[in-house]
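Structural features, examined
Chain by chain, the residues run as shown.
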Amino acid sequence: MNWAEMFFQSWSGIARTLIVGTIAYAFLVVSLRVSGKQTLAKLNAFDLIVTVALGSTLASILLSEGIALAEGMTALVLLIVLQYLVTTLSVRSKRFAGFVRSEPTLLLRDGTPLHGAMRKARVTQAELETIARTEGHGGIEGLSAVILESDGSFSVIDGTR
């Protein structure tokens, strides 16, 4: 093992990273601006996966000498176009939207936990109580509802309002 190469290989590698990285980053920013706000909206797990894939692709372009800038830019455009197609199909087809996007899940109604929904969502009673306390409530009693949203966040609806 060459210890010196672990820390520094060549000036050309550094120059490539600076040049290709700057161009790829600018290209990604412009592409995302052109594609619209929905491309990176973290509305659900599918959107998060696309966001992570874009980041991973950008990292690969930056660090892998085996990936040409044109190939990397093509990969970024492909991910953005596929995301655009999926969101367009989701808006036009309820069936497709149901396949791609998860629906919010009611976990608690009028202070009573809905155990079947909690089991399906893999949320425990202790987690529900933690969610209530995090939102400034002493417990789940008195809450109208707790909803697990499609993006993984929780909405707590106070029963006193």
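All of the points below concern the structure found in this document.

Bringing the overall build of the protein into the picture now. Assigned secondary structure in the protein consists of seven helices and four strands. Secondary structure elements of the protein, listed N to C terminal, follow the sequence α-α-α-α-α-β-β-α-α-β-β. A compact globule built from 161 residues should have a C-alpha radius of gyration of about 15 Å, whereas the protein, at 23 Å, is more than 25% larger. Looking at the protein residue by residue over its 161 residues, the buried ones come to 30%. Partitioning the contacts of the protein with sequence separation of at least 6, the portion at a separation of at least 24 is 49%. When the accessible surface of the protein is split by element, carbon and sulfur atoms take 63% of a total near 10800 Å².

Looking at chain direction, strand S1 (residues 105-109) and strand S3 (residues 143-148) are connected through four bridges and run antiparallel. Within S3, the residue paired with Arg-109 across the bridge is Ala-145. In terms of strand pairing, S1 meets strand S2 (residues 112-113) through two bridges, oriented antiparallel. Across the sheet, Arg-109 pairs through a bridge with Thr-112, a residue of S2. Linking two consecutive strands that pair antiparallel, namely S1 and S2, is a turn of two residues; a positive phi of about 50° is found at Asp-110 within it.

A few words on the packing of aromatic side chains. According to the stated counting rule, one finds one aromatic pair in the structure shown. Seen from their ring centres, Phe-8 and Trp-11 are 5.1 Å apart, and the 65° between their planes marks the pair as edge-to-face. Classification of Trp-11 as exposed rests on a relative accessible area of 65%.

Consider a sheet: its strands pair through backbone hydrogen bonds, and that pairing is either parallel or antiparallel. Ordered by their spatial adjacency, four strands build an open sheet running S2-S1-S3-S4, and the pairing between neighbours is antiparallel. In the strand order of this sheet, the two ends are held by S2 and strand S4 (154-158), each with one partner.

About the criteria used
Residues numbered from 1 in each chain as written. Predicted model: local features only at pLDDT ≥ 70, side-chain atom pairs only at ≥ 80, totals over all residues. Heavy atoms only, no water. Helix = DSSP H or I, 4+ residues; strand = E, 2+ residues; numbered from the N terminus. Rg over C-alpha atoms; globule rule 2.2 N^0.38 Å. Buried < 20%, exposed > 50% of the residue type's maximum accessible area, 1.4 Å probe, protein only. Contact = heavy atoms within 4.5 Å. Areas by Shrake-Rupley, 256 points an atom, 1.4 Å probe, with all protein chains shown as cover. Pairing = 2+ DSSP bridges. Phe/Tyr/Trp six-rings, centres within 6.5 Å; stacked < 30°, edge-to-face > 60°.

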